[in-house]
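The primary structure of each chain is shown beneath.
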Amino acid sequence: MPERISVAILGSTGSVGAQALDLIARFPDRFQVTALASGSRHEAFIEQVKRFRPRVAALAREDLLAPLKAACEPLGIEALVGEEGLLRVATHPDADRVVSAIVGAAGLGPTLAALQARKTVALANKESLVIAGELMLREAERNNALLLPVDSEHSALHQCLRGERREEVRRLILTASGGPFRQSSLEEMEAALPEQALRHPTWEMGPKITIDSATLMNKGLEIIEAHWLFGMESARIQVLLHPQSLVHSMVEMRDGSVICQMGTADMRGPILYALTYPDRWESPFPRLDLAATPPLEFLNPDLRRFPCLELARGALEIGGTAPAALNAANEVAVGGFLQGRARFLDIPRTIEKVLEEHQPAPADSLTNILHADETARRRAEQILMKGVAA
Ligand SMILES: NC(=O)c1ccc[n+]([C@@H]2O[C@H](COP(=O)([O-])OP(=O)(O)OC[C@H]3O[C@@H](n4cnc5c(N)ncnc54)[C@H](OP(=O)(O)O)[C@@H]3O)[C@@H](O)[C@H]2O)c1
């Protein structure tokens, strides 16, 4: 491990990106920020750039070059926009670790580029692994790049599996808070408004993953993520609701032992783990007070009210480009719901229709994956425009 760890962040203005910066700021002698990239919130981004003084700052939106340059040039910081800028941040030669925290399929290109540049990637952007798991693993292996999970569940599994032999693992158990509609009826879910779905009981996150948590698609995407990260087939990845969000996931061994990882519901824990692995640093954050925790509950999810879970599992079992189609349809349907163009339960309905029509191809090339992504997006938009019941 270098004396001072240089970090590049993709998606620094987001929930994970801002928490990574908050964490980095608490270790000024041990971390430095080499490069930052975000999408379009340029005012917040420029504030971060002024505070953390990276070498390179990039925004995805091309028309924001002028204000970005105006802020960066007096500080001697290189300002870039568009795809080129994101790739530059992802592959900066000085970065030891790249935090991949762009939301959605937009994170795939830069994350893949970081692996090709032999970086250790702290992966929050689960969508890239969902749509291109095979490619990402191939690139990681070929380039001897390390992929470390930031998602709290996968960070937990990674920790539970340290030192264990894979053939002795019986199954992985992903925990889920259950989201705001855990106890709602189907009728209530049908009428759910974005502001209700955005009220997550235990985690504060960006809007897309918060809606994914309300539909349980987030857990579906995490099944696919766990499949790729830990080489486990779908049948051996179980999901349990755990409303307290203190056990972040578990591993059942073949001798019946269940190993769990616990911690507060604070993403800075798994981010710290991914930025310092294989070391463990002293955490500056509040610790779990076990004597003060509420009773821990574990429940089976109701698949009738949360069909997204099985839609994701089904896509993983079909394989090829099916998960890319699932993810694209979900991104479009969630966007539609947040914009008031779709009802809450139109999200699973749209995904189901897109998947029914999808012709899966092998997901071993970017061409096939991007084609599946674009086709599914277009079809999901058509379905939303016509009305899902049509
Ligand atoms: N939030 C959590 O606690 C959490 C936990 C586990 C996993 N994750 C995963 O982490 C990822 C990020 O989640 P989040 O909650 O942090 O999302 P978020 O708050 O919505 O932030 C998303 C970030 O991505 C940037 N972005 C969006 N589109 C972009 C594009 N086309 N090009 C470049 N940058 C773009 C945004 O930039 P602008 O806002 O400047 O446009 C922002 O910095 C997701 O994949 C999510 O599933 C999040």
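Below is a short write-up of the structure. (Residues numbered from 1 in each chain as written. Predicted model: local features only at pLDDT ≥ 70, side-chain atom pairs only at ≥ 80, totals over all residues. Heavy atoms only, no water.)

In the vicinity of the ligand, 26 residues are found, and the nearest of them are Thr13, Ser40, Arg41, Glu127 and Gly206. Here an oxygen atom of the ligand sits 2.8 Å away from a polar atom, N or O, in the main chain of Ser40. With the chains in place, 88% of the 900 Å² that the ligand exposes on its own is no longer accessible. The cavity that encloses the ligand is the largest pocket. (Near = heavy atom within 4 Å. Polar contact = N/O pair within 3.5 Å; in protein donor to acceptor, adjacent residues only side chain to side chain. Areas by Shrake-Rupley, 256 points an atom, 1.4 Å probe, with all protein chains shown as cover. 1 Å grid on protein atoms, 1.4 Å probe; cavity = no way out; pocket = protein on both sides within 12 Å on 5 of 7 lines; lining within 4 Å. Sits in = over half its atoms within 2 Å of the grid points.)

To continue, consider the sheet that holds strand β2 (residues 31–38). Spatial ordering of the open sheet is given by β4-β3-β2-β1-β5-β6-β7, a layout of 7 strands whose pairing is parallel. Unpaired on one side and paired on the other, β4 (78–81) and β7 (147–149) mark the two borders of the sheet. For this sheet, the mean inter-axis angle between neighbouring strands, taken without regard to orientation, is 20°. Bridging between strand β1 (residues 5–10) and strand β5 (residues 97–100) involves 4 bridges; their strand directions are parallel. The partner of Leu10 across the bridge, within β5, is Ser100. (Pairing = 2+ DSSP bridges. Helix = DSSP H or I, 4+ residues; strand = E, 2+ residues; numbered from the N terminus. Axes fitted to C-alpha atoms, helices over the stretch in contact; angles between N-to-C directions.)

This paragraph deals with the pattern of salt bridges. Taken as a whole, this structure holds 29 salt bridges when the rule is applied. Residue Arg313 is joined to Glu310 by a salt bridge in which the shortest nitrogen-to-oxygen separation is 3.4 Å. Of this pair, Arg313 and Glu310 both sit in helix α13 (residues 308–318), 3 residues apart, which is roughly one turn of that helix. Its relative accessible area of 36% is what places Glu310 among the partly exposed residues. Salt-bridge contacts for Glu331 lead to Arg377; the nearest nitrogen and oxygen are separated by 3.2 Å. You can see Glu331 sitting in helix α14 (residues 322–338) and its partner Arg377 sitting in helix α16 (residues 366–386), a full 46 residues away along the chain. Taking the relative accessible area as the measure of exposure, Glu331 reaches 18% and is therefore buried. Residue classification places Arg377 among the partly exposed positions, given a relative accessible area of 24%. Salt bridges sharing common partners tie together Lys126, Asp151, Glu153, Lys219 and Glu222. (Salt bridge = Lys/Arg side-chain N within 4 Å of Asp/Glu carboxyl O. Buried < 20%, exposed > 50% of the residue type's maximum accessible area, 1.4 Å probe, protein only.)

Here we come to the nonpolar core. Met136, Leu172, Leu326, Phe344 and Ile351 are the most contacted members of the largest nonpolar core, which has 88 residues in total. Setting aside anything within four residues of it in sequence, one finds Leu172 in contact with Leu157, Leu161, Ala226, Phe230, Met232, Arg236, Ile237, Gln238, Met250 and Val251. Listed in part, the 39 residues of the second largest apolar core include Ile9, Ile24, Val99 and Ala122. (Core = buried A, V, L, I, M, F, W, Y, C linked by side-chain atoms within 4.5 Å. Contact = heavy atoms within 4.5 Å.)

Describing an aromatic ring pair means giving the distance of the ring centres and the angle of the ring planes. Overall, the coordinates contain 6 aromatic pairs when judged by the stated rule. For the pair Phe337 and Phe344, a centre-to-centre distance of 5.5 Å together with 65° between the ring planes defines the contact as edge-to-face. For the pair Phe337 and Phe344, a shared accessibility class is recorded, and that class is buried. Three or more aromatic residues joined by ring pairs form one cluster here, namely Phe27, Phe31 and Trp281. Cation over ring: Arg30 sits above Trp281, and NZ or CZ is 3.8 Å from the ring centre. (Phe/Tyr/Trp six-rings, centres within 6.5 Å; stacked < 30°, edge-to-face > 60°. Lys NZ or Arg CZ within 6 Å of the ring centre and 35° of its normal.)

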